Number of protein chains: 2
Amino acid sequence: MNENKIPYKIYLEENEMPKQWYNVRADMKNKPAPLLNPGTKKPLAPEELKPIFCDELIAQELNNDDAYIDIPTEIQDFYKMYRPSPLVRAYCLEKKLQTPAKIYYKFEGNNTSGSHKLNSAIAQAYYAKKQGLKGVTTETGAGQWGTALSMACSYFDMDCQVYMVKVSYEQKPFRREVMRTYGASVTPSPSNTTEVGKEILRQHPGTTGSLGCAISEAVEAATKQEGYRYVLGSVLNQVLLHQSIIGLETKAALDKYGIKPDMIIGCAGGGSNLGGLISPFMGEKLRGEADYQIIAVEPASCPSLTRGVFAYDFCDTGMVCPLAKMYTLGSGFIPSANHAGGLRYHGMSPIVSQLYHDGLMEARSVEQTAVFEAAETFARVEGILPAPESSHAIRVAIDEALKCKETGEEKTIVFGLTGTGYFDMVAYEKYNNGEMTDYIPTDADLKAAVATLPTV
Amino acid sequence: MNENKIPYKIYLEENEMPKQWYNVRADMKNKPAPLLNPGTKKPLAPEELKPIFCDELIAQELNNDDAYIDIPTEIQDFYKMYRPSPLVRAYCLEKKLQTPAKIYYKFEGNNTSGSHKLNSAIAQAYYAKKQGLKGVTTETGAGQWGTALSMACSYFDMDCQVYMVKVSYEQKPFRREVMRTYGASVTPSPSNTTEVGKEILRQHPGTTGSLGCAISEAVEAATKQEGYRYVLGSVLNQVLLHQSIIGLETKAALDKYGIKPDMIIGCAGGGSNLGGLISPFMGEKLRGEADYQIIAVEPASCPSLTRGVFAYDFCDTGMVCPLAKMYTLGSGFIPSANHAGGLRYHGMSPIVSQLYHDGLMEARSVEQTAVFEAAETFARVEGILPAPESSHAIRVAIDEALKCKETGEEKTIVFGLTGTGYFDMVAYEKYNNGEMTDYIPTDADLKAAVATLPTV
């Protein structure tokens, strides 16, 4: 099977690991639009962000100029515990598909958070610690981000307060317990511990919560406690900066074997993995040094890039967060109840949004039964049970590899395998039982949701 | 933190991976006692095993002479999907403990089965396929072995029938769904699909099942279907042979950096991981080439080595399997209801039993609250949430490292981290809530259990 000299897994040596993050904004001609104050609608000054975010993270958030930012030694040391992550040649998938395409995937799931989220969590915890803070607050849905942040905070011996969407808190107790094992306190949201939570409970007594509402609670909790700040696992520029470690390692591993990809594919919810994976390749493209086909894959049931509008919107449903210019479905958009595949955020990273708007990348939407079909195919031959989120990228990678089979092209396809699906077995069970269905929002659904957009 | 030149993770290159398994029996002066026919009490001839096991696996089971056995290329290829596994230098744990000891662990959890079980599952599935069989049957408790076998069978496109202890089937649906995703059929045991299952249900209508009972059902299912054989994930000599890949890789990684361990520690249930990990080191010890302190760690609530008897016993509760000479608590022994930490098999691998009996290794038993305390400490600094089973080894590794702190000795400690605890969160929750208790069986408990031993 291994007729080729490329090993199944390419690992960088420890001394080959990146020592700087890459900031793609430095090479973007059209920078992402600035965050706005939701009250004044004016660009936010750093001082206005200080009650919410750590100082150094604000600097990173607003830094559109420096192409490379040093990774502090302490973070490099933590990265060495679970990185470099392998770049895997999918020999068995290629054989199964009988495709002439060469498929590689960058696997970020070999750590207890189960995903790439840890790459930014450790950075955010580190800067909070360095600033002398006591702890951080955040929200989590299914729990990948909350788990990652709990791990990072426990490493630096900091307090970690997680607001977990109530329905997940109750129905997915396992990730909750992982967070608790790492010493985090986990509160089901909405809760009575914040004013915004109380108000939501008053208005909607039986609500099972939402991510946007948990964000609002976490932000309030951070601003009301001395020595606390709020941290976020996706969407923000700083997060994409930290996640550039994924793309930098991928590129270094490919360069080591002289491989030039034709196509780079990533799943996109808030855009943290996709943005991190594509960053150094996009940089080459922006500088005119190379060209790549870059594809973002999103759920057909939550199609922010393919069917959303490019406009300023709220990042949370409580409407307390800054406004961001992004592809959005409206902050009130909620995917239909049958949606099981993750990537349910209403908006998209401003960086990814701008790159997409400028025609530098493509986007595709896929339906969830097709996603789980791809997940099963992949799991059976590659031995990794993928997260539903990651499986969106697998779906398009398989589709592209099958096109190559028809045309005979030997394209080199790289995709991001963001994580494992060990905590998503309820969705797999639904698929295994043939009970999974698809739902594509109607134009009327989408029109109603964008009616909530703020006027800027 | 990294004052030393040893990297955090030592990975072998693909071409450094072992191409042969090591059979420690070849170097044992006292060979493990032969399996006996439960009826005649005579050593089993290969022909008698043929209805149950694949031919080539029988040959491996009975092979006490060949020190090295080639790993078929197909299995080597599969190993390359998830191996070599990293040998990790536990820098962060050392720092946390402030110990002069140097701690390494061989981590086998980075695959979807979540443990080392896949190393033997793929071998057993391969030989079954090679023999032209349609499929295999097996039992599983919490589901690690069943998951591993499902993955292996799906890779070779074989049928896989798993009898899963009913209480786990109902209470731990997630591993069941992983198995189904890999195409296995999973039946709660005891079931009405076998005679032995029907009989057990008749006698104990409300029973929630046991591992021994699931073994009996799986063996019956294998023998009654054309083209099927039974496979087992631990205890047997063949399994330890396949698991020697763990020890061989560990030794190769240590040799690469000129490291000679003082102490090798492994958790022990049926003995598959421990036996595999220690094999090449034990080989050196048996041949008088080196000396190592080797420690098996078992639960105080299921203490087969430390408090069992060395005698012939049944491998299953249905008493249909061959008799094996081993340290055993009696095939009717069931750990107390509060036992959460795995490693609940009543017996121990005949190879490990013989080595222990001959004074070539030590055994220690540890209580589960102390095990989970070690698990939490480890998780928080090393970033991996360990399986409760693996955490037995962590407990003793930490204890030994703390002894070094007292004495100032710079011992090199290697332990086996067999897997991850993602599917064990119910036990972690109990620990997190302070609801976990210990139970050490009384002498009377143990005396009652060994009363079921067969007379040989």
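Residues numbered from 1 in each chain as written. Chains lettered and ligands numbered in written order. Predicted model: local features only at pLDDT ≥ 70, side-chain atom pairs only at ≥ 80, totals over all residues. Heavy atoms only, no water.

### Here's the deal with the pairing of strand β15 (residues 412-417) of chain B
Residue and element names in this part refer to chain B. Among the 6 residues of β15, 6 are classified as buried, and the element is accordingly described as predominantly covered. Burial of the side chains of β15 extends over both faces: Thr412, Val414 and Gly416 are buried on one face and Ile413, Phe415 and Leu417 on the other. Inspection of the sheet shows strand β5 (residues 102-107) paired to β15 by 6 bridges, in the parallel sense. Paired with Phe107 across the bridge in β15 is Leu417. Of the strand pairs in this sheet, strand β10 (residues 263-267) and β15 are connected by 3 bridges, and their pairing is parallel. Across the sheet, residue Met263 finds its bridge partner in β15, namely Ile413. (Buried < 20%, exposed > 50% of the residue type's maximum accessible area, 1.4 Å probe, protein only. Helix = DSSP H or I, 4+ residues; strand = E, 2+ residues; numbered from the N terminus. Pairing = 2+ DSSP bridges.)

### Details of the side chain of Thr412(A)
Counting through the fold element by element, Thr412(A) comes out in strand β15 (residues 412-417). Not counting the four nearest positions on each side in its chain, Thr412(A) is found in contact with Lys102(A), Tyr104(A), Ile259(A), Lys260(A), Pro261(A), Asp262(A) and Met263(A). (Contact = heavy atoms within 4.5 Å.)

### Let's talk about the relation of the copies chain A and chain B
Overlay of chain A on chain B (RMSD 0.0 Å): rotation 180°, translation along the axis 0.0 Å. Expressed as an axis order, the relation between the two copies is that of a two-fold axis. When C-alpha positions in chain A are compared against the rotation axis, the closest is assigned to Asn110(A), at 3.0 Å. A share of 100% of interface residues in chain A that are also interface residues in chain B marks the association as one of identical surfaces. (Least-squares fit on C-alpha atoms with pLDDT ≥ 70 in both.)

### A few points about the domain arrangement of chain A
Residues and elements named next belong to chain A. Structurally, chain A comprises domain 1 (10-15 + 83-114 + 238-450) and domain 2 (33-70 + 117-230). On a C-alpha basis, the centroid separation for the pair domain 1 and domain 2 is 24 Å. At the junction of the two partners, domain 1 supplies 31 residues and domain 2 supplies 33 residues. Interface area, domain 1 with domain 2, both sides summed: about 2800 Å², of which 60% is carbon and sulfur. Broken down residue by residue, the surface that domain 1 buries against domain 2 is led by Ser113, Gln238 and Phe423, which jointly contribute 25%. At the boundary of domain 1 with domain 2, the tally comes to 0 salt bridges. Here domain 1 is connected to domain 2 by 9 residue pairs in polar contact (both at pLDDT 80 or more). Of all the elements in the fold, those that place two or more residues in the side of domain 1 that touches domain 2 are α11 (237-256), β12 (309-314) and β13 (323-328). Here the side of domain 1 that touches domain 2 gets 7 residues from one element, more than from any other, and that element is α11. (Domains from an automatic or database assignment. Buried area = accessible area lost by both parts, 1.4 Å probe. Salt bridge = Lys/Arg side-chain N within 4 Å of Asp/Glu carboxyl O. Polar contact = N/O pair within 3.5 Å; in protein donor to acceptor, adjacent residues only side chain to side chain.)

### Details of the pairing of strand β13 (residues 323-328) of chain B
Residue and element names in this part refer to chain B. Among the 6 residues in β13, 5 count as buried, and that is most of the element. As paired elements, strand β12 (residues 309-314) and β13 share 6 bridges and run antiparallel to each other. Along β13, the bridge assignment pairs Phe314 with Leu323.

### Topic: the packing of helix α5 (residues 118-130) of chain A against α11(A)
Residue and element names in this part refer to chain A. Look at α5 against α11: their axes get within 8 Å of each other, and the N-to-C directions meet at 125°. The angle between α5 and α11 places the two elements in the oblique class. Here α5 runs over α11; the crossing is right-handed. Mapping the contact onto sequence places Asn119, Ser120, Ala123, Gln124 and Tyr127 in α5 and Gln238, Val239, His242, Gln243, Ile245 and Ile246 in α11. Counted by class, the contact of α5 with α11 contains 5 nonpolar, 6 polar and no charged residues. (Axes fitted to C-alpha atoms, helices over the stretch in contact; angles between N-to-C directions. Parallel < 35°, antiparallel > 145°, perpendicular 65-115°, else oblique. Left-handed = near helix turned anticlockwise from the far one by under 90°. Nonpolar A, V, L, I, M, F, W, Y, C, P; charged D, E, K, R; others polar.)

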